[in-house]
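# Structure at a glance
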Amino acid sequence: MATQSETTDKGVGLALALSALAVIGAIAMVAGAPETAAAWGFAAAVLFSSLAVVSIHLYWE
């Protein structure tokens, strides 16, 4: 007897979106001339990259 299971790619899509934001944060870090702008870019890159990893782990089945 066959059973149906429903799978989604929500984790992959969310991880790709957050990874794109992390790349934007890394670009802002490199392009940020003052130290505070580079620090905010680094913070954004680290935050969004860690959220991308968390989203993959939450939705991986």
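Scroll up to find the structure this text is about.
Quick summary incoming for the structure in this document.

The rules behind the values
- Residues numbered from 1 in each chain as written.
- Predicted model: local features only at pLDDT ≥ 70, side-chain atom pairs only at ≥ 80, totals over all residues.
- Heavy atoms only, no water.
- Helix = DSSP H or I, 4+ residues; strand = E, 2+ residues; numbered from the N terminus.
- Axes fitted to C-alpha atoms, helices over the stretch in contact; angles between N-to-C directions.
- Parallel < 35°, antiparallel > 145°, perpendicular 65-115°, else oblique.
- Left-handed = near helix turned anticlockwise from the far one by under 90°.
- Nonpolar A, V, L, I, M, F, W, Y, C, P; charged D, E, K, R; others polar.

## Structural notes on the environment of Leu16
Summarising the element assignment, Leu16 is placed in helix α1 (residues 10-31). Put simply, Leu16 and Ala28 are twelve residues apart on the chain and 18 Å apart in space, counted from C-alpha to C-alpha.

## Here we look at the packing of α1 against helix α2 (residues 35-59)
Orientation of α1 relative to α2, taken along the N-to-C sense of each, is 165°, at an axis distance of 7 Å. In terms of orientation, α1 and α2 fall into the roughly antiparallel class. Crossing hand, α1 versus α2: left-handed. Its residues assigned to classes, the contact of α1 with α2 shows 18 nonpolar, six polar and one charged.

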